[in-house]
Amino acid sequence: MLSVLLAKLLATAVVVVGVSLAVGKLGPRLGGIIAGTPIVLGPGYFFMLQEHSTAFIQAAALSTLHALVATLLFSISFVVTAGRLNALASLGIATLCWVPAALIFSRVPGGVGVAVLMYLAMLLLAEGVRRALRLTQPVVVARSGWFDLLLRGLLAGVLVSVATTLAVRSGPLLSGMLVGFPVGLFTIGWTLHERYGADVARATVSMAQKGMLSLVAFGVVTATLVGHVPPMMVFLGSLLASMAVSAMLFLVSQWQFRRDCARRRDAIGP
(Lines give C-alpha, C1' and ligand atoms only; values in the text may rest on other atoms or scores of the structure.)
Protein backbone atom coordinates (compact mmCIF):
# COMPACT_ATOMS: atom_id res chain seq x y z
CA MET A 1 0.00 0.00 0.00
CA LEU A 2 2.80 2.41 0.87
CA SER A 3 4.56 1.78 -2.45
CA VAL A 4 1.34 2.51 -4.35
CA LEU A 5 0.85 5.78 -2.50
CA LEU A 6 4.47 6.78 -3.05
CA ALA A 7 4.36 6.04 -6.79
CA LYS A 8 1.26 8.17 -7.30
CA LEU A 9 2.65 10.96 -5.14
CA LEU A 10 5.89 11.14 -7.11
CA ALA A 11 4.13 10.98 -10.49
CA THR A 12 1.93 13.99 -9.74
CA ALA A 13 4.79 15.92 -8.15
CA VAL A 14 6.85 15.45 -11.31
CA VAL A 15 3.99 16.79 -13.46
CA VAL A 16 3.50 19.93 -11.38
CA VAL A 17 7.18 20.77 -11.00
CA GLY A 18 8.06 19.72 -14.55
CA VAL A 19 5.32 21.76 -16.19
CA SER A 20 6.16 24.83 -14.12
CA LEU A 21 9.79 24.57 -15.15
CA ALA A 22 8.86 23.85 -18.77
CA VAL A 23 6.75 26.99 -18.92
CA GLY A 24 9.64 28.97 -17.52
CA LYS A 25 12.00 27.63 -20.19
CA LEU A 26 9.78 26.94 -23.21
CA GLY A 27 6.71 29.11 -22.70
CA PRO A 28 3.05 28.19 -22.29
CA ARG A 29 2.69 26.76 -25.83
CA LEU A 30 4.80 23.68 -25.10
CA GLY A 31 4.13 23.72 -21.37
CA GLY A 32 0.44 23.27 -22.03
CA ILE A 33 1.10 20.24 -24.22
CA ILE A 34 3.29 18.69 -21.53
CA ALA A 35 0.46 19.26 -19.04
CA GLY A 36 -1.71 16.89 -21.06
CA THR A 37 0.53 13.84 -20.81
CA PRO A 38 -0.95 10.89 -18.85
CA ILE A 39 1.45 10.95 -15.91
CA VAL A 40 -1.46 11.41 -13.50
CA LEU A 41 -3.87 8.92 -15.07
CA GLY A 42 -1.13 6.40 -15.77
CA PRO A 43 -0.30 5.34 -12.21
CA GLY A 44 -3.96 5.08 -11.27
CA TYR A 45 -4.82 2.76 -14.14
CA PHE A 46 -1.59 0.81 -13.80
CA PHE A 47 -2.68 -0.34 -10.36
CA MET A 48 -6.37 -0.71 -11.21
CA LEU A 49 -5.50 -3.00 -14.11
CA GLN A 50 -3.65 -5.27 -11.71
CA GLU A 51 -6.42 -5.38 -9.12
CA HIS A 52 -9.83 -5.26 -10.86
CA SER A 53 -11.95 -7.08 -13.40
CA THR A 54 -12.46 -6.26 -17.06
CA ALA A 55 -15.96 -4.90 -16.43
CA PHE A 56 -14.65 -2.66 -13.65
CA ILE A 57 -11.89 -1.20 -15.85
CA GLN A 58 -14.22 -0.63 -18.80
CA ALA A 59 -16.72 1.22 -16.61
CA ALA A 60 -13.96 3.20 -14.91
CA ALA A 61 -12.41 4.21 -18.25
CA LEU A 62 -15.78 5.44 -19.51
CA SER A 63 -16.26 7.39 -16.29
CA THR A 64 -12.82 8.93 -16.74
CA LEU A 65 -13.70 10.04 -20.27
CA HIS A 66 -16.82 11.74 -18.91
CA ALA A 67 -14.68 13.38 -16.22
CA LEU A 68 -12.32 14.68 -18.91
CA VAL A 69 -15.27 16.38 -20.62
CA ALA A 70 -16.01 18.05 -17.30
CA THR A 71 -12.33 18.99 -17.02
CA LEU A 72 -12.65 21.00 -20.23
CA LEU A 73 -15.46 22.93 -18.55
CA PHE A 74 -13.15 23.34 -15.54
CA SER A 75 -10.45 24.81 -17.76
CA ILE A 76 -12.87 27.13 -19.56
CA SER A 77 -14.09 28.47 -16.22
CA PHE A 78 -10.53 29.06 -15.02
CA VAL A 79 -9.47 30.80 -18.23
CA VAL A 80 -12.49 33.11 -18.09
CA THR A 81 -12.23 34.01 -14.39
CA ALA A 82 -8.47 33.98 -13.69
CA GLY A 83 -7.94 37.33 -15.38
CA ARG A 84 -10.13 39.05 -12.80
CA LEU A 85 -9.91 36.89 -9.68
CA ASN A 86 -7.04 35.45 -7.70
CA ALA A 87 -5.85 31.90 -8.27
CA LEU A 88 -7.76 30.12 -5.53
CA ALA A 89 -11.03 31.94 -6.25
CA SER A 90 -10.83 31.06 -9.94
CA LEU A 91 -9.94 27.46 -9.19
CA GLY A 92 -12.73 27.23 -6.63
CA ILE A 93 -15.30 28.35 -9.19
CA ALA A 94 -13.83 25.94 -11.76
CA THR A 95 -14.13 23.07 -9.28
CA LEU A 96 -17.73 23.97 -8.54
CA CYS A 97 -18.37 23.67 -12.28
CA TRP A 98 -16.52 20.36 -12.57
CA VAL A 99 -18.36 18.43 -9.84
CA PRO A 100 -21.95 18.68 -11.17
CA ALA A 101 -20.73 18.47 -14.77
CA ALA A 102 -18.92 15.19 -14.12
CA LEU A 103 -22.01 13.75 -12.44
CA ILE A 104 -24.32 14.87 -15.25
CA PHE A 105 -22.03 13.67 -18.05
CA SER A 106 -21.69 10.27 -16.37
CA ARG A 107 -25.44 9.78 -16.78
CA VAL A 108 -25.44 10.46 -20.51
CA PRO A 109 -26.31 7.19 -22.30
CA GLY A 110 -23.91 5.69 -24.79
CA GLY A 111 -20.44 4.24 -24.64
CA VAL A 112 -16.94 5.39 -25.45
CA GLY A 113 -17.91 6.81 -28.85
CA VAL A 114 -20.50 9.14 -27.34
CA ALA A 115 -18.04 10.26 -24.65
CA VAL A 116 -15.44 11.12 -27.30
CA LEU A 117 -18.01 13.10 -29.31
CA MET A 118 -18.95 15.01 -26.14
CA TYR A 119 -15.29 15.80 -25.55
CA LEU A 120 -14.77 17.07 -29.10
CA ALA A 121 -17.87 19.27 -28.86
CA MET A 122 -16.65 20.75 -25.57
CA LEU A 123 -13.18 21.22 -27.08
CA LEU A 124 -14.69 23.28 -29.90
CA LEU A 125 -16.42 25.44 -27.29
CA ALA A 126 -13.14 25.84 -25.40
CA GLU A 127 -11.34 26.85 -28.59
CA GLY A 128 -14.03 29.41 -29.31
CA VAL A 129 -13.62 30.89 -25.83
CA ARG A 130 -9.83 31.00 -26.26
CA ARG A 131 -10.11 32.85 -29.55
CA ALA A 132 -12.72 35.24 -28.19
CA LEU A 133 -10.46 36.15 -25.26
CA ARG A 134 -7.45 36.52 -27.59
CA LEU A 135 -5.10 35.00 -25.09
CA THR A 136 -1.46 35.83 -25.70
CA GLN A 137 1.63 33.76 -24.97
CA PRO A 138 3.74 36.05 -22.81
CA VAL A 139 7.47 35.66 -22.37
CA VAL A 140 8.12 34.18 -18.95
CA VAL A 141 11.00 35.20 -16.72
CA ALA A 142 11.74 32.20 -14.51
CA ARG A 143 12.12 32.96 -10.82
CA SER A 144 13.85 31.16 -8.02
CA GLY A 145 11.83 29.19 -5.51
CA TRP A 146 12.65 25.49 -5.67
CA PHE A 147 11.32 24.84 -2.19
CA ASP A 148 7.96 26.35 -3.08
CA LEU A 149 7.71 24.36 -6.31
CA LEU A 150 8.64 21.07 -4.65
CA LEU A 151 6.28 21.66 -1.73
CA ARG A 152 3.32 22.30 -4.00
CA GLY A 153 4.24 19.33 -6.15
CA LEU A 154 4.37 17.05 -3.13
CA LEU A 155 1.06 18.37 -1.80
CA ALA A 156 -0.55 17.67 -5.17
CA GLY A 157 0.96 14.19 -5.13
CA VAL A 158 -0.49 13.48 -1.70
CA LEU A 159 -3.96 14.53 -2.88
CA VAL A 160 -3.83 12.35 -6.00
CA SER A 161 -2.36 9.31 -4.28
CA VAL A 162 -4.91 9.35 -1.47
CA ALA A 163 -7.87 10.02 -3.81
CA THR A 164 -7.01 7.29 -6.30
CA THR A 165 -6.24 4.72 -3.61
CA LEU A 166 -9.59 5.29 -1.94
CA ALA A 167 -11.41 5.54 -5.26
CA VAL A 168 -10.57 2.04 -6.45
CA ARG A 169 -12.51 0.66 -3.47
CA SER A 170 -15.62 2.71 -4.20
CA GLY A 171 -16.78 1.20 -7.48
CA PRO A 172 -15.91 1.91 -11.12
CA LEU A 173 -18.02 5.05 -11.57
CA LEU A 174 -16.55 6.95 -8.65
CA SER A 175 -13.14 5.43 -9.22
CA GLY A 176 -12.89 6.60 -12.83
CA MET A 177 -14.39 9.97 -12.00
CA LEU A 178 -11.95 10.73 -9.18
CA VAL A 179 -8.97 9.53 -11.19
CA GLY A 180 -10.11 11.99 -13.86
CA PHE A 181 -10.39 14.92 -11.47
CA PRO A 182 -8.00 17.64 -12.69
CA VAL A 183 -5.83 17.79 -9.58
CA GLY A 184 -2.75 18.23 -11.76
CA LEU A 185 -4.39 21.04 -13.75
CA PHE A 186 -5.63 22.57 -10.50
CA THR A 187 -2.16 22.73 -8.97
CA ILE A 188 -0.55 23.77 -12.25
CA GLY A 189 -2.98 26.67 -12.57
CA TRP A 190 -2.37 27.63 -8.96
CA THR A 191 1.42 27.41 -9.21
CA LEU A 192 1.70 29.31 -12.47
CA HIS A 193 -0.78 31.98 -11.42
CA GLU A 194 1.14 32.64 -8.23
CA ARG A 195 4.61 32.36 -9.76
CA TYR A 196 4.25 33.83 -13.25
CA GLY A 197 0.94 35.66 -13.16
CA ALA A 198 -2.57 35.27 -14.56
CA ASP A 199 -1.61 35.61 -18.23
CA VAL A 200 0.81 32.68 -18.16
CA ALA A 201 -1.58 30.52 -16.13
CA ARG A 202 -4.50 31.19 -18.47
CA ALA A 203 -2.41 30.61 -21.59
CA THR A 204 -1.00 27.34 -20.26
CA VAL A 205 -4.37 25.98 -19.15
CA SER A 206 -5.93 26.91 -22.49
CA MET A 207 -3.15 25.07 -24.34
CA ALA A 208 -3.64 22.06 -22.04
CA GLN A 209 -7.16 21.72 -23.47
CA LYS A 210 -5.74 20.33 -26.71
CA GLY A 211 -3.01 18.47 -24.84
CA MET A 212 -5.71 16.56 -22.97
CA LEU A 213 -6.48 14.71 -26.19
CA SER A 214 -3.64 12.42 -25.13
CA LEU A 215 -5.63 11.56 -21.99
CA VAL A 216 -8.68 10.83 -24.13
CA ALA A 217 -6.54 8.48 -26.22
CA PHE A 218 -5.37 6.77 -23.04
CA GLY A 219 -8.94 6.21 -21.84
CA VAL A 220 -10.24 5.03 -25.22
CA VAL A 221 -7.44 2.49 -25.72
CA THR A 222 -7.81 1.24 -22.15
CA ALA A 223 -11.55 0.67 -22.56
CA THR A 224 -11.00 -1.00 -25.95
CA LEU A 225 -8.13 -3.34 -25.13
CA VAL A 226 -9.00 -4.45 -21.61
CA GLY A 227 -10.20 -8.05 -21.58
CA HIS A 228 -8.58 -8.79 -24.93
CA VAL A 229 -4.90 -8.56 -24.01
CA PRO A 230 -2.98 -8.91 -20.72
CA PRO A 231 -3.21 -5.97 -18.29
CA MET A 232 0.37 -4.83 -18.89
CA MET A 233 -0.23 -4.79 -22.64
CA VAL A 234 -3.34 -2.69 -22.06
CA PHE A 235 -1.32 -0.22 -20.04
CA LEU A 236 1.55 -0.05 -22.53
CA GLY A 237 -0.82 0.27 -25.48
CA SER A 238 -2.70 3.10 -23.77
CA LEU A 239 0.52 4.84 -22.83
CA LEU A 240 1.92 4.58 -26.36
CA ALA A 241 -1.30 5.88 -27.88
CA SER A 242 -1.29 8.79 -25.47
CA MET A 243 2.32 9.67 -26.13
CA ALA A 244 1.73 9.41 -29.89
CA VAL A 245 -1.06 11.99 -29.63
CA SER A 246 1.17 14.27 -27.52
CA ALA A 247 3.96 13.96 -30.10
CA MET A 248 1.53 14.81 -32.90
CA LEU A 249 0.32 17.86 -31.00
CA PHE A 250 3.92 18.93 -30.45
CA LEU A 251 4.74 18.64 -34.17
CA VAL A 252 1.61 20.56 -35.13
CA SER A 253 2.48 23.24 -32.58
CA GLN A 254 6.00 23.52 -33.99
CA TRP A 255 4.64 23.80 -37.53
CA GLN A 256 2.20 26.53 -36.51
CA PHE A 257 4.95 28.40 -34.69
CA ARG A 258 7.25 28.34 -37.74
CA ARG A 259 4.38 29.38 -40.01
CA ASP A 260 3.57 32.35 -37.78
CA CYS A 261 7.23 33.38 -37.69
CA ALA A 262 7.41 33.20 -41.49
CA ARG A 263 4.29 35.35 -41.81
CA ARG A 264 5.77 37.98 -39.50
CA ARG A 265 8.97 38.07 -41.53
CA ASP A 266 6.99 38.45 -44.74
CA ALA A 267 4.95 41.24 -43.21
CA ILE A 268 8.07 43.11 -42.15
CA GLY A 269 9.66 42.65 -45.57
CA PRO A 270 13.35 42.82 -46.58
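Look above for the structure.
Residues numbered from 1 in each chain as written. Predicted model: local features only at pLDDT ≥ 70, side-chain atom pairs only at ≥ 80, totals over all residues. Heavy atoms only, no water.

(A) The side chain of Ser214, seen in detail. Here Ser214 shows up in helix H11 (residues 213–225). Within the structure, Ser214 has its side chain in polar contact with the backbone oxygen of Gly211 (distance 2.9 Å). (Helix = DSSP H or I, 4+ residues; strand = E, 2+ residues; numbered from the N terminus. Polar contact = N/O pair within 3.5 Å; in protein donor to acceptor, adjacent residues only side chain to side chain.)

(B) Fine view of the nonpolar core. Counting 51 residues, the largest nonpolar core has Tyr45, Leu68, Phe78, Trp98, Phe105 and Tyr119 as the members making the most contacts within it. By residue number, the principal contributor to this core is helix H4 (residues 54–81), which donates 14 residues. Beyond its immediate stretch of four places on either side in the chain, Trp98 contacts Ala67, Ala70, Thr71, Phe74, Met177, Gly180, Phe181 and Pro182. (Core = buried A, V, L, I, M, F, W, Y, C linked by side-chain atoms within 4.5 Å. Buried < 20%, exposed > 50% of the residue type's maximum accessible area, 1.4 Å probe, protein only. Contact = heavy atoms within 4.5 Å.)

(C) The arrangement of the pattern of salt bridges in detail. The full count for this structure, using the stated rule, is 3 salt bridges. Between Glu127 and Arg130 there is a salt bridge, and its shortest N-O distance comes to 2.6 Å. Note that Glu127 and Arg130 are positioned in helix H6 (residues 112–133) at a spacing of 3 residues, about one turn of the helix. Residue Lys210 pairs with Glu127 through a salt bridge whose shortest N-O separation is 3.9 Å. Taken together, the positions of Lys210 in helix H10 (residues 198–211) and Glu127 in helix H6 put the pair 83 residues apart, joining distant regions of the chain. According to the relative accessible area criterion, Glu127 is buried, its value standing at 15%. Overlapping salt bridges bring together Glu127, Arg130, Arg131 and Lys210 as one network. (Salt bridge = Lys/Arg side-chain N within 4 Å of Asp/Glu carboxyl O.)

(D) Spotlight on the packing of H4 against helix H9 (residues 183–196). Two numbers describe how H4 lies on H9: the axes approach to 11 Å, and their chain directions differ by 15 degrees. By the angle between their axes, H4 is roughly parallel relative to H9. Crossing hand, H4 versus H9: right-handed. Judged by residue contacts, Thr71, Phe74, Ser75 and Phe78 of H4 engage Leu185, Phe186, Gly189 and His193 from H9. Looking at the contact of H4 with H9 residue by residue, the classes come out as 4 nonpolar, 4 polar and no charged. (Axes fitted to C-alpha atoms, helices over the stretch in contact; angles between N-to-C directions. Parallel < 35°, antiparallel > 145°, perpendicular 65-115°, else oblique. Left-handed = near helix turned anticlockwise from the far one by under 90°. Nonpolar A, V, L, I, M, F, W, Y, C, P; charged D, E, K, R; others polar.)

(E) Representation of the environment of Leu249. Examined against the element boundaries, Leu249 turns out to sit in helix H12 (residues 231–268). Sequence separation between Leu249 and Ser214 is 35 residues, and the spatial gap between their C-alpha atoms is 8.9 Å.

(F) Broad picture of helix H5 (residues 87–105). Taking 1.5 Å per residue, 19 residues should reach 27 Å; H5 reaches 26 Å between its end C-alpha atoms and fits that length. By the burial criterion, the buried members of H5 are Ala87, Ser90, Leu91, Ala94, Thr95, Trp98, Ala101, Ala102 and Phe105. All buried residues of H5 project into a common sector of 145 degrees when viewed along the axis, lining one side. In H5, the exposed residues that point more than 90 degrees away from the buried face are Leu96 and Ile104. The distance from a side-chain oxygen at the start of H5 to the backbone nitrogen of Leu88 is 3.3 Å, and the residue carrying that oxygen is Asn86. (Expected span 1.5 Å × (residues − 1). Arc of directions from axis to C-beta.)

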